[in-house]
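Reading the structure
The lines below spell out each chain.
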Amino acid sequence: MAKKTKTNTASKKSKFLTSERKVEILGVIIMAIAILLTISIVTHESEDYTVISSVSFETFFEIDRGPALRIQNGLGPMGAYISHFFSYMMFGYTSLVLAIIIMIYGWYTFRHKSFSPLHPYAVFSICVMVLFSTIMGYFHMEELGETLAWSGSSGLAMAEYLRAVSGTYGPIVILSSLTIICLLFALGRRTQSTIDGVKERFGDLMDERKKNGEAKSEEIEESDHLKNTQPTFKTEKDWVDDKTKDLKNNAAETPEKIIERSDMNDAKRREEQKKEDSFGDNQLPKVSLEKKKSLEDDDLEISVYVGKPDEEAGDKDLERKNNDQALPVIQYKFPTLDLLDSPPNEGNEIDFEEIKSNKLIILDKLRRHGIEITAIEAIVGPTVTLYELQPAPDVKISKIESYANDLKMAMATHGLRIIAPIPGKSKVGIEVPNRKREMVYIKSLIRTKRFVETDMSLPIAFGRTIENEVFMLDLATLPHLLMAGATGSGKSVGINTILTCLLYKCHPENLKFVLIDPKKIELALYRNIQNHFLATLPGAEEPIITDTSKVLEVLNSVCKEMDNRYELLKMGGVRDIRAYNTKFKNKEVDEELGHRHLPYIVLIIDELADLMMTAGKAIEEPIARIAQLARAVGIHLVVATQRPSVNVITGTIKANFPARIAYQVASRIDSRTILDTMGADQLVGKGDMLFSGGGKMIRIQNAFVSTEEVERLNAFVGNQVGYNHPYHLPPPETEDGQDVNPLEKGERDDLFEEAAKVVVLHQQGSVSLLQRKLKLGYNRAGRLIDQLYAAGVVGPYQGSTARDVLIQTDDELEDVFRELDA
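Residues numbered from 1 in each chain as written. Predicted model: local features only at pLDDT ≥ 70, side-chain atom pairs only at ≥ 80, totals over all residues. Heavy atoms only, no water.

**Considering helix 23 (residues 608–615)**
All of the buried residues in helix 23 are Leu-608, Ala-609, Leu-611 and Met-612. One side of helix 23 carries all its buried residues, which in axial view fall inside an arc of 165°. Measuring from the backbone nitrogen of Ala-609 back to the side-chain oxygen at the start of helix 23 gives 3.0 Å, which picks out Glu-607 as the cap. (Buried < 20%, exposed > 50% of the residue type's maximum accessible area, 1.4 Å probe, protein only. Helix = DSSP H or I, 4+ residues; strand = E, 2+ residues; numbered from the N terminus. Arc of directions from axis to C-beta. Polar contact = N/O pair within 3.5 Å; in protein donor to acceptor, adjacent residues only side chain to side chain.)

**With respect to a nonpolar patch on the surface**
Judged by side-chain polarity, Leu-17, Ile-25, Ile-29 and Ile-33 come together as a nonpolar surface patch covering roughly 330 Å² of accessible area. In this structure, Ile-25 sits in helix 2 (residues 19–42). Since its relative accessible area comes to 40%, Ile-25 is described here as partly exposed. (Patch = residues over 30% accessible without salt bridge, like charges linked within 9 Å, V, L, I, M, F, W, Y side chains within 5 Å. Areas by Shrake-Rupley, 256 points an atom, 1.4 Å probe, with all protein chains shown as cover. Salt bridge = Lys/Arg side-chain N within 4 Å of Asp/Glu carboxyl O.)

**Here's the deal with the confidence of the model for the protein**
Across the protein, the average pLDDT comes to 78, with 75% of residues at 70 or higher. Confidence, expressed as mean pLDDT per element, reaches its minimum in the protein at helix 12 (residues 279–282) with 35 and its maximum at strand 12 (residues 600–605) with 95. Segment residues 1–13 is flagged for pLDDT under 50; beyond a separation of four residues in sequence, or across chains, it makes zero contacts in the model. In this model, residues 734–740 is a region of pLDDT below 50 whose contacts with residues beyond four sequence positions or in other chains number 11 contacts. (pLDDT = per-residue confidence, 0-100. Contact = heavy atoms within 4.5 Å.)

**Comments concerning the pattern of salt bridges**
Tallied over the entire structure, the rule returns 21 salt bridges. For Asp-676, the salt bridge is made with Lys-654, and the minimal N-O distance between the two is 2.7 Å. With Asp-676 in the loop between helix 26 (668–675) and strand 15 (688–693) and Lys-654 in helix 25 (residues 651–655), this pair connects stretches of sequence that are 22 residues apart. Assessed through its relative accessible area of 46%, Asp-676 is described here as partly exposed. Accessibility expressed as a relative area gives 17% for Lys-654, which makes it buried. Counted as one network, the salt bridges with shared partners bring together Glu-377, Glu-388, Lys-425 and Lys-427.

**Here's the deal with empty space enclosed by the protein**
With the rule as written, the count across this model stands at one cavity of 30 Å³ or more. Its boundaries defined by the atoms lining it, the largest cavity holds a volume of some 50 Å³. Every residue lining the largest cavity is listed: Pro-382, Thr-383, Val-384, Arg-464, Thr-465, Ile-466, Asp-688, Arg-699, Ile-700 and Gln-701. Listing elements by their share of the lining of the largest cavity, those giving two or more residues are strand 7 (459–465) and strand 16 (696–702). Top contributing element to the lining of the largest cavity by residue count: strand 16, with three residues. Grouping the amino acids of the lining of the largest cavity by side-chain chemistry returns four nonpolar, three polar and three charged. (1 Å grid on protein atoms, 1.4 Å probe; cavity = no way out; pocket = protein on both sides within 12 Å on 5 of 7 lines; lining within 4 Å. Points joined across faces, edges and corners; volume = space filled by probe spheres on them. Nonpolar A, V, L, I, M, F, W, Y, C, P; charged D, E, K, R; others polar.)

**A word on the pairing of strand 3 (residues 373–380)**
In the sheet, strand 2 (residues 301–306) pairs with strand 3 via five bridges, with the strands oriented parallel. Looking across to strand 3, one finds that Val-306 is bridged to Val-380. Counting the residues that bridge the hairpin from strand 3 to strand 4 (residues 384–391) gives three residues. (Pairing = 2+ DSSP bridges.)

**Focus on the environment of Arg-163**
Secondary-structure assignment places Arg-163 in helix 7 (residues 152–166). Counting along the chain gives 25 residues from Arg-163 to Tyr-138, while the straight-line C-alpha distance between them is 8.4 Å. With residues up to four places along the chain from it excluded, the contact list for Arg-163 reads Met-141, Glu-142, Thr-168 and Pro-171.

**Section: the packing of helix 6 (residues 118–141) against helix 7**
The interhelical angle for the contact between helix 6 and helix 7, taken along N-to-C directions, is 70°, at an axis separation of 7 Å. The angle between helix 6 and helix 7 falls in the class roughly perpendicular. Crossing geometry of helix 6 relative to helix 7 is assigned as right-handed. Within the contact between the two elements, helix 6 uses Val-130, Ser-133, Thr-134, Gly-137, Tyr-138, His-140 and Met-141 and helix 7 uses Gly-155, Leu-156, Met-158, Ala-159, Glu-160, Leu-162 and Arg-163. Residues of the contact of helix 6 with helix 7, tallied by class, amount to seven nonpolar, five polar and two charged. (Axes fitted to C-alpha atoms, helices over the stretch in contact; angles between N-to-C directions. Parallel < 35°, antiparallel > 145°, perpendicular 65-115°, else oblique. Left-handed = near helix turned anticlockwise from the far one by under 90°.)

Okay, structure coming up:
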């Protein structure tokens, strides 16, 4: 019994003093040493060394008397020795840097963290400490008032050596240069941006001061003008004296004329008195808002608004935000902004003459037809200007819409669009294309804070709205996107915009593309990133699907991937891909049972019309199935076509694509097909588009992405070390419902016969049954089910229901084995 107790005591002791606990204790000891060192340096007194140097070491152990009582250091005699070494002999008070470094290393030891990130900062801090101590030593040497406690003997010695080697002015140049170099290292790559920020801030202060001076001078001029133009008002006595003087001067006039003139003067007096009463209301200067200018004609004023661009992020913000989500699977570096073309510095110049001319034409045409407008405003966008009209209360909106063609003819423009009414406002909108359009560059969107700091899973910055705001969408919440437009309207650039935004924000571990390009040339540049971002069939010759005969096979494979993912979500007890990946990251699901990290899959089809012509209705079924079910498992569709007719965009497809983008189309019928309303036929092309989603219609100028930018981006990603092969989709089923037979390739699993016996015994053909009985992972159990299906043991896939077992007895199963062996 005693032996057992001794064993238990030893085990408890070993359990308490684990290796982790020892490291934590060591960390606490190191931090305590750092605190003691800090106290001794902070409480350093130069008189303490005189005390400890005059007596022997044994004297300090006399507690009740002796020199130890005269020590002023916070740690007593021990602190006096330590502070003398660090504060006097070493680098003075700057030796506190050593204490801080020891404290940080102690904390990292306590937290079981790696020291590797600390080494560069520790070396840099020590260099700064030595430099600062030398500078303080130089000041002390030149008798500029600095005490030796700030430099220490070591700092003073280095300053004297510099003085002896480089003369009087050499130390100043050398120490100043070293200080600037340290500042450059501290700022990192933000040096130039910091300098530019300071210059910009200084320029803003000067401009603001100048504006305040101009505003003050304008107020003074306005005040003088009001004083000079203010009428003088006469008292009652003055009017009587004037009448008497008039009677004397005009004695020859008849009484009737005198009375008439007196009445006129009385009327003039009443009018001036009325003007005096209303002077404060009508003559005060109007306040102009920022970025607003009023253009007036005879009777109606128009206010011009220009949207303020989104705030730009810093040069390092995108890299920092992306590195926060970087995964250690591969050493991947996110693309940098210098791969994209910079927009010109000048912004969209507002042509106020054009706005005033358009306003006069609109008002003139509407008034000729008896439509009265009470207010008008203009919002200037990159492509069009929106004129918001406030009609009189008795005007019918349908009457304004009926004169759209008259306005087009009067303005001699194409693309005029009437919004009656504007959603959320009691106004009518008229969108008129600008004579000089502003090009929206993709770089101007990606470097905004809104894009850099977004938490969207699949963020896409399409372009800018009329209010000059960045229009962003999360493809993960749409969850699918349908795009249509005539040839040359900007669809391919829109697809490149989607791909570029996702490449700038998503890690290869979290995103894969399935690219279908029947035109063979639009998406060919993305072949370079196949081992990073592309998903293909095993053994595929090309990473991008250009052969229309292979498209149905790929779509069926994506459907199978969707079914496999739903099985994993079911096993994990979650409802969407984000919750599942969180569980997998926290190791709440067993990887040995087939659980894995699930990346988002974005399936892009560049031309749907060609596929519908070659594959017919067979292509519609997998697209509709993916659109209906794939949102929860992270598979999203982007489908584009240049022929938005009803035989291409069928009712089944439209019903599952609530988010749609329409570029310029040829007719109203095409516009109704894609958007369920008119408007796309009035767009002006070159990226001008309408987005429909959630009941709103938004006009956007699509960002421009050049071929050269796409080439640079793909070269940057492709030159990095990626995975060994593209992401492999599961083998698809053939048209007759059978999988590609894995038994023909001699790849029969070692547990094939045992799995067949389990299935026949339980008369249930499911992956989960094989996982439980044979203790297999999901992938291997799925391959066994595929092989059993190819051998005729189980029936075809039936969704969430288990497959039918076609073999009833063991004798029938033995016959199957013999046939396979033969």
